[in-house]
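Fold and contact review
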Amino acid sequence: MRGLTMEPTFSILEIECLERPVILRLPFRFGAVTVTHAPQAFVRARIGLGDGREAWGAAAELMVPKWFDKDPRLDEAQSFDQLRSSLWLAREAYLDDQLPRTAFGHFAAHYAEHLEAGARRGLPSLAAGFGPAEIDKALLDALARALGVPFGTMIRNNLVGIAPAALLPEFADFDFARFLASLTPRSVLTVRHTVGMLDRIAGHPGMLDDGLPESLEEAIHAYDLRRFKIKLCGREEEDLLRLFEIAELLDHTVPDYRVTLDGNEQYNDLDSLGALWSGLGRSAPLMRLRERTLFIEQPVSRGVALVRDVRTLSSMVPLIIDESDAALDAFPKACTLGYTGVSSKACKGLYKALINRARCQQWNRGKDGEIFFMSAEDLTTQAGLALQQDLALCGILGMTHVERNGHHYVDGFAGQGASVTEQDAFLAAHSDLYHRSREAVRVKLCGGCIDIASLDVAGFASAVFPDWASMSPMPIPDQHAVSELQGMQ
């Protein structure tokens, strides 16, 4: 760790935006969209330290359509272009600023101006935050590689220079460095398997001939699952019928199961959601499922979620925000209305996740139990950089279980166009996380858990890089089309 100092500063020399297509082996439906394919964004960043050292870092994330912005007038291509536009805007801002800063300092210097620039181009805050989130991960990776230390060490020693008080006065008297030093990374996480709205519940549907599980029942047996996340469609009777079918299966196969419910903004109002919760008392299987529900995630639209008080419902079941977590001040606003939790997703920003974790620690001080909490959500992260960096973030946040089943919907590295050489490199470097199965390298689950000990390597959770030659330069969205998006908002 030659030349290691507290909060090192660096200049940003290059940022490259690339992408590669991902094809799903099974269609996944959430909200009003069915995903069968999507491009995966890759960011490469080169930094220069004051002592002359340079290093490359990288990050990746699937560009999921119609999640960052669910406006029904947007088509799939426009959804992808929103995220590309966010990345190009962030790249321009970060490269235009040649001042040496800490890793967090680069984020903080552009946070407000980037959201404003995104708004001028019709990007909602959640979509606008995608670009900085990816660049911040790549910059942190580059710095960690330059210093020769792992992600956990970077965070616990605050080598990234996190000092949020300038952005958030609530932290003026909070010792953030001490908070970071108290974090204890986890090396094993329990997987919470997502059940999409198109997913078959039992049997073998025979849609594919790849020998991999297709139904929830098959996935339970294949991966020894114990935790589940169930997507809701927003129509009470339809949801109750489907939840009954799932509850009956879980009663027979996983007696000690636990679930979370994800509204994905599909319920129009809290009264309808309350009716659903009451409806879970109709039968013994549904009552057991209700008793074993840990929380409900983002049940109503972000447009109204942070307007109405939710304390009546949250007194019966904890409620968390996900899509509503679009800016640094969203979680405190939600808590004043009765929400008690917020999701962590690397695509929403690693610094936001750490700040929200600190808030939970502050707000729980002196209380009986963990009232305010974070959950680990994101089924879309793909094998390689995206998966590993998000898991490392979950680990440092102290999560015990994580929504993690991109391995169920995508055929491992093969489904994202990775070469055999790339697959072999990741398998050799992270053999606790991956294994070779049916001619592809894919995520390895043991006893319903995922082992991430090997992510504790120099850099941000990866000992190797993907095959850059297999990717295409990310296209710059047509500014006329982006301007049309603005007019639709």
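Below you will find a few notes about this structure. (Residues numbered from 1 in each chain as written. Predicted model: local features only at pLDDT ≥ 70, side-chain atom pairs only at ≥ 80, totals over all residues. Heavy atoms only, no water.)

On to unusual backbone geometry, then. Positive phi values are uncommon outside glycine, yet aspartate 224 reaches one of about 55 degrees. Within the secondary structure layout, aspartate 224 lies in the loop between α7 (216-223) and β5 (227-231). With a phi angle near 70 degrees, alanine 461 is a residue other than glycine that sits in the positive phi range. Along the polypeptide, alanine 461 turns up in the loop between β14 (449-451) and β15 (472-473). (Helix = DSSP H or I, 4+ residues; strand = E, 2+ residues; numbered from the N terminus.)

Glancing now at the packing of helix α8 (residues 236-253) against helix α10 (residues 284-291). It is the contact of α8 with α10, at a shortest axis distance of 8 Å, that shows an interaxial angle of 85 degrees. The orientation of α8 relative to α10 falls into the category roughly perpendicular. Here α8 contributes Leu240, Leu243, Phe244, Ala247, Glu248 and Asp251 to the contact with α10, which in turn contributes Pro285, Leu286, Arg288 and Leu289. When its residues are assigned to classes, the contact of α8 with α10 shows seven nonpolar, no polar and three charged. (Axes fitted to C-alpha atoms, helices over the stretch in contact; angles between N-to-C directions. Parallel < 35°, antiparallel > 145°, perpendicular 65-115°, else oblique. Contact = heavy atoms within 4.5 Å. Nonpolar A, V, L, I, M, F, W, Y, C, P; charged D, E, K, R; others polar.)

Quick look at the packing of aromatic side chains now. Applying the stated rule across the entire model yields 21 aromatic pairs. For the ring pair phenylalanine 171 and phenylalanine 174, a centre distance of 5.5 Å and an interplane angle of 70 degrees mean the geometry is edge-to-face. Each member of the pair, phenylalanine 171 together with phenylalanine 174, is buried. Relative to phenylalanine 179, the ring of phenylalanine 174 lies with its centre 6.0 Å away and its plane at 50 degrees, an arrangement referred to as tilted. Both residues of the pair, phenylalanine 174 and phenylalanine 179, count as buried. Within the aromatic cluster, the residues linked to one another by ring pairs are Phe104, Phe107, Tyr111 and Tyr351. (Phe/Tyr/Trp six-rings, centres within 6.5 Å; stacked < 30°, edge-to-face > 60°. Buried < 20%, exposed > 50% of the residue type's maximum accessible area, 1.4 Å probe, protein only.)

Within the element layout of this structure, glutamine 382 appears in the loop between β10 (373-376) and α15 (385-396). Reaching out from glutamine 382, the side chain makes a polar contact with the backbone oxygen of threonine 380 at a distance of 2.7 Å. Residues contacting glutamine 382, with those up to four places away along its chain left out, are Val22, Gln40, Leu62, Leu387, Val410 and Gln416. (Polar contact = N/O pair within 3.5 Å; in protein donor to acceptor, adjacent residues only side chain to side chain.)

Strands in a sheet are paired, the pairing made by backbone hydrogen bonds, and the direction either parallel or antiparallel. Taken together, four strands build an open sheet; the order of strands is β3-β2-β1-β15 and the sheet is antiparallel. For this open sheet the edge positions go to β3 (54-62) and β15, each flanked by a neighbour on one side alone. Judged from the two bridges that link them, strand β1 (residues 10-30) and β15 form a sheet pairing that is antiparallel. The residue of β15 that forms the bridge with glutamate 19 is serine 472. Seen against the sheet, helix α1 (residues 76-96) touches β1 and β2 (33-49) and runs at an angle of roughly 165 degrees to β1. (Pairing = 2+ DSSP bridges.)

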